Amino acid sequence: LQPTKTCSVGNHFRESEPSGAQQHCGARAHHPPRRRRRSLEERHRGKGRTERVGRMPRPEIQAPPDVFYNEAEARKYTTSSRIIEIQARISERALELLALPNDGVPKLLLDIGCGSGLSGETLTEHGHHWIGYDISKSMLDVALERETEGDLLLADMGQGLGLRPGVIDGAISISAVQWLCNADKSSHDPRLRLKAFFGSLYRCLARGARAVLQFYADNVKQSEMIVTYAMRAGFAGGVVIDWPHSSKAKKSYLVLTCGAPSVHTSLPKGKGEDGEMCSDDDDDDSSGEDGDRTVGIYERNRPKKKQKTKKNGKGKDWLLRKKAQMRRKGHDVPADTKYTGRKRKTYF
């Protein structure tokens, strides 16, 4: 028999295996190759990619509200201590921006998108009566189990509120209005739904009452669309932004006043860091970025009705010239009145 060959590794020797299973000499024959250590830049890139992949999209992007907030999600939402704390803090801020008179008389308020009644508890603690609207039946069932003090209505705010004119003293909404910007069904038109919502909200509010709507816009176009249809409904007001320089604590509130703007309807300033009000120096910052503004004021502007003109251009002027021509020819022509050239309505 031929003696087996040996290979040296350092100061140690071992017999090599028979042919067909021979291994190469050296340390790499016994140890797996080491992984190259990633640089600090590569590790940061990988960390950012993991965070982006693991971040969940906003609820309004995942599914319609009545589908997303099922029984399991409604209970999970209501039992989360973090959600309870955030809802209480935002509700307190919305009630502060509502600027109700401190006369000791309870007010009748609306909580639009009330959910399980977390924001309504803040209204109850301040001694007010409230009516809650929500489209999720599971959320309202949890609110009934928690024995909330407000009256609950299962309704879609995109179809209008359906309340009597001038009976509501104020309205708040926490993280609900942005749902109207999505078309969850083929019959949904975000612009028509916003128009129906703000129109019915304007009618049911008493003159001089306020509505504070906290919302999360997905982009600038959504925010502009929400504000535009609020102004078209007849509201005066604007957007108040708390902590505009913070990506996590930034909150946007659409503060609306039912009626024409006046000195008493001026908007408060947004809060800065550590709960302090933003200074005038911060407002004068010439950065030119829209995200740095803490208050955006918009004018009350209802669009004027466009004059209907015929395709062939035969309007009132043409009709008057034609009648004058017929008179010169000796024809019997009816006299000109303020109704000349007007189109008759199809109904009385």
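None of these values were measured; they are calculated from a predicted model.

K.L.:
How should I be thinking about the overall build of the chain in this particular structure?
P.N.:
Within the chain, the secondary structure is distributed over 11 helices and 10 strands. Looking at the chain residue by residue over its 348 residues, the buried ones come to 36%. The contacts of the chain with a sequence gap of at least 6 include a subset with a gap of at least 24, amounting to 64%. About 24100 Å² of surface is accessible on the chain, with carbon and sulfur atoms providing 50% of the total.

K.L.:
Which parts of the structure should I look at to understand the environment of V333?
P.N.:
Its place among the elements puts V333 in the segment after helix 11 (316-328). C-alpha of V333 to C-alpha of K323: the two residues are 10 residues apart in sequence and 6.6 Å apart in space. Leave out the neighbours within four places in its chain, and V333 touches K323, M326 and R327.

K.L.:
What am I meant to see in the pairing of strand 8 (residues 235-242) here?
P.N.:
When a strand is regular, its side chains alternate between the sheet's two faces. When you tally the buried positions in strand 8, you get 8 out of 8 residues, the bulk of the element. Examined bridge by bridge, strand 8 and strand 9 (residues 251-258) share 8 bridges and lie antiparallel to one another. Bridge pairing in strand 9 places D242 opposite K251.

K.L.:
Is there a simple way to explain the packing of aromatic side chains in this structure?
P.N.:
All chains considered together, the criterion is met by 6 aromatic pairs. Between F68 and Y69 the ring centres are 4.9 Å apart and the planes differ by 90°, which places this aromatic pair in the edge-to-face class. Both residues of the pair, F68 and Y69, count as buried. Residues Y69 and Y77 carry aromatic rings whose centres are separated by 5.8 Å and whose planes lie at 80° to one another, so their mutual orientation is edge-to-face. In this structure an aromatic cluster arises from ring pairing among F68, Y69, Y77 and W179.

K.L.:
Any chance you could explain the environment of A230 here in plain terms?
P.N.:
Along the chain, the position of A230 falls in helix 9 (residues 220-232). Taking the relative accessible area as the measure of exposure, A230 reaches 0% and is therefore buried. When the C-alpha positions of A230 and K195 are compared, they lie 7.7 Å apart, and in sequence the two are 35 residues distant. Residues in contact with A230, not counting those within four places in the same chain, are F198, F235, L254 and L256.

K.L.:
I would appreciate a short explanation of the packing of helix 8 (residues 190-204) against helix 9 in the present structure.
P.N.:
Helix-helix packing: each pair is described by the crossing angle between the helix axes and the interaxial distance. Where helix 8 meets helix 9, the axes come as close as 9 Å, and the angle between the chain directions of the two elements is 45°. Between helix 8 and helix 9, the angle is such that the two are oblique. The interaxial crossing formed by helix 8 with helix 9 has right-handed handedness. Across the interface between the two elements, P190, R191, L194, K195 and F198 from helix 8 touch M225, I226, Y229 and A230 from helix 9. For the contact of helix 8 with helix 9, the class distribution of residues is 7 nonpolar, no polar and 2 charged.

K.L.:
Please clarify how helix 9 should be interpreted in this entry.
P.N.:
A turn of α-helix holds 3.6 residues, and therefore any two residues three or four places apart point the same way. Taking 1.5 Å as the rise per residue, helix 9 with 13 residues should run 18 Å; its terminal C-alpha atoms sit 18 Å apart, in good agreement. Of the residues making up helix 9, those classed as buried are Q222, M225, I226, V227, Y229, A230 and M231. You can read the cap of helix 9 off the contacts: a side-chain oxygen lies 3.2 Å from the backbone nitrogen of K221, and it is on N219. Following helix 9 by one or two positions, G234 adopts a phi angle in the positive range, close to 115°.

K.L.:
Would you mind going over the packing of helix 4 (residues 71-79) against helix 7 (residues 137-145) with me for this structure?
P.N.:
Packing of helix 4 against helix 7 brings their axes to within 8 Å, and their N-to-C directions diverge by 50°. Between helix 4 and helix 7, the interaxial angle falls into the category oblique. Both helix 4 and helix 7 take part in a crossing whose hand is right-handed. Residue-level inspection shows E71, A74, R75, Y77 and T78 of helix 4 in contact with helix 7, the latter providing S138, M139, V142 and E145. Each residue belonging to the contact of helix 4 with helix 7 can be placed in one class, and the counts come to 4 nonpolar, 2 polar and 3 charged.

K.L.:
Looking at this structure, I do not really get helix 7. What am I missing?
P.N.:
The complete set of buried residues in helix 7 reads S138, M139, L140, V142 and A143. The elements touched by buried residues of helix 7 are helix 4, strand 4 (129-134) and strand 5 (151-154). Note on helix 7: the residue one or two positions beyond its end, E147, has a positive phi of about 55°.

K.L.:
What exactly am I supposed to notice about the nonpolar core here?
P.N.:
For soluble globular proteins, the rule of thumb is that nonpolar side chains tend to be buried together. If you look at the biggest cluster of nonpolar residues, it comprises 36 residues, and the most contacted ones within it are L110, F198, L201, F235 and L254. When contributions to this core are tallied by element, the ones reaching two or more residues are strand 3 (108-112), strand 4, strand 6 (168-174), helix 8, strand 7 (205-215), helix 9, strand 8 and strand 9. Excluding its chain neighbours within four sequence positions, the residues that come into contact with F198 are V177, L213, I226, Y229, A230, A233, F235, L254 and L256. Core analysis: the second largest hydrophobic core is formed by 17 residues, A94, L98, L123 and V255 among them.

Reading the values: the criteria
- Residues numbered from 1 in each chain as written.
- Predicted model: local features only at pLDDT ≥ 70, side-chain atom pairs only at ≥ 80, totals over all residues.
- Heavy atoms only, no water.
- Helix = DSSP H or I, 4+ residues; strand = E, 2+ residues; numbered from the N terminus.
- Buried < 20%, exposed > 50% of the residue type's maximum accessible area, 1.4 Å probe, protein only.
- Contact = heavy atoms within 4.5 Å.
- Areas by Shrake-Rupley, 256 points an atom, 1.4 Å probe, with all protein chains shown as cover.
- Pairing = 2+ DSSP bridges.
- Phe/Tyr/Trp six-rings, centres within 6.5 Å; stacked < 30°, edge-to-face > 60°.
- Axes fitted to C-alpha atoms, helices over the stretch in contact; angles between N-to-C directions.
- Parallel < 35°, antiparallel > 145°, perpendicular 65-115°, else oblique.
- Left-handed = near helix turned anticlockwise from the far one by under 90°.
- Nonpolar A, V, L, I, M, F, W, Y, C, P; charged D, E, K, R; others polar.
- Expected span 1.5 Å × (residues − 1).
- Polar contact = N/O pair within 3.5 Å; in protein donor to acceptor, adjacent residues only side chain to side chain.
- Core = buried A, V, L, I, M, F, W, Y, C linked by side-chain atoms within 4.5 Å.

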